[in-house]
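Listed below, chain by chain, are the residues.
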Amino acid sequence: NAGVTQTPKFQVLKTGQSMTLQCAQDMNHNSMYWYRQDPGMGLRLIYYSASEGTTDKGEVPNGYNVSRLNKREFSLRLESAAPSQTSVYFCASSETANPSYEQYFGPGTRLTVT
Amino acid sequence: AQSVTQPDIHITVSEGASLELRCNYSYGATPYLFWYVQSPGQGLQLLLKYFSGDTLVQGIKGFEAEFKRSQSSFNLRKPSVHWSDAAEYFCAVGARSGGYQKVTFGIGTKLQVIP
């Protein structure tokens, strides 16, 4: 059982380049999330998708776009990367958007923007 | 809006010693409380959670946490630490905000275990 998978694991971009981070879950979860993790700041929510066909902004959405491609897949796109987007990105999923349900996390993507 | 404070950024304990990681939260009602662990290079894994009922909750890997409403705390404990417990630990509070689950994470406590 793979759980939540993310690709790529590592990426280096130059300022202004674009890229898409991929996330997939095989647990039939309705809700999916994108977080970024920065030292001393914990995890901050970028975007989430409460259910297939819906997406909404989290705390730090600027510079990002998302697509809920289907129930399994939720991608995060950086249209024009900036050094401030250097971070570790985690995708997560949960059965529903109810806050009582735990989130399951992928292994992360370490992104460096030079 | 809810918030979470983990006052200890880094803790070092000897293998076999007891452990307590502190977490304080701010929220108007009883929140959903979680502790997650992150091993190096890995995603977060749930250790335990509290919603209601017994204020002492048991989790995986021998961890437990106690909810104290009067102190707005949800401290994580383990009676005897193993070297494999070295990791970063995140306290989180979940609450419904508008129409979605808002989970706020603390900044984490990095645990070092020395022989």
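Residues numbered from 1 in each chain as written. Chains lettered and ligands numbered in written order. Predicted model: local features only at pLDDT ≥ 70, side-chain atom pairs only at ≥ 80, totals over all residues. Heavy atoms only, no water.

Undergrad: How should the pattern of salt bridges be read in this particular structure?
TA: When charged atoms on two side chains of opposite charge get close, those side chains can pair. Applying the stated rule across the entire model yields 7 salt bridges over all chains. A salt bridge links Glu 64 of chain B to Arg 77 of chain B, with the shortest nitrogen-to-oxygen separation between them at 3.2 Å. Of this pair, Glu 64 of chain B sits in strand E8 (residues 64–68) while Arg 77 of chain B sits in strand E9 (residues 73–78), placing them 13 residues apart in sequence. Classification of Glu 64 of chain B as buried rests on a relative accessible area of 19%. For Arg 77 of chain B, a relative accessible area of 23% gives the class partly exposed. Here Glu 66 of chain B makes a salt bridge to Arg 77 of chain B, at a shortest N to O gap of 3.1 Å. Taken together, the residues span a long stretch of sequence, with Glu 66 of chain B in strand E8 and Arg 77 of chain B in strand E9 at a distance of 11 residues. The exposure class assigned to Glu 66 of chain B is partly exposed, which follows from its relative accessible area of 22%. In the salt-bridge network here, residues are joined through shared partners; they are Arg 36, Asp 38 and Arg 44 of chain A. (Salt bridge = Lys/Arg side-chain N within 4 Å of Asp/Glu carboxyl O. Helix = DSSP H or I, 4+ residues; strand = E, 2+ residues; numbered from the N terminus. Buried < 20%, exposed > 50% of the residue type's maximum accessible area, 1.4 Å probe, protein only.)

Undergrad: Would you mind going over the layout of surface pockets with me for this structure?
TA: The probe, sized like a water molecule, is rolled over the atoms to show the empty space still left. If you add up the space inside the largest pocket, you get close to 700 Å³. Around the largest pocket, the lining comprises 32 residues; the ones closest to its centre are Gln 37, Val 88 and Arg 110 of chain A together with Gln 38 and Glu 88 of chain B. At the level of elements, strand E4 (31–38), strand E9 (87–94) and strand E11 (109–113) of chain A together with strand E10 (87–97) and strand E12 (109–114) of chain B are the ones that each hand at least two residues to the lining of the largest pocket. Here the element with the most residues in the lining of the largest pocket is E11 of chain A; it accounts for 4 residues. Among the residues making up the lining of the largest pocket, the classes are represented as 14 nonpolar, 13 polar and 5 charged. (1 Å grid on protein atoms, 1.4 Å probe; cavity = no way out; pocket = protein on both sides within 12 Å on 5 of 7 lines; lining within 4 Å. Points joined across faces, edges and corners; volume = space filled by probe spheres on them. Nonpolar A, V, L, I, M, F, W, Y, C, P; charged D, E, K, R; others polar.)

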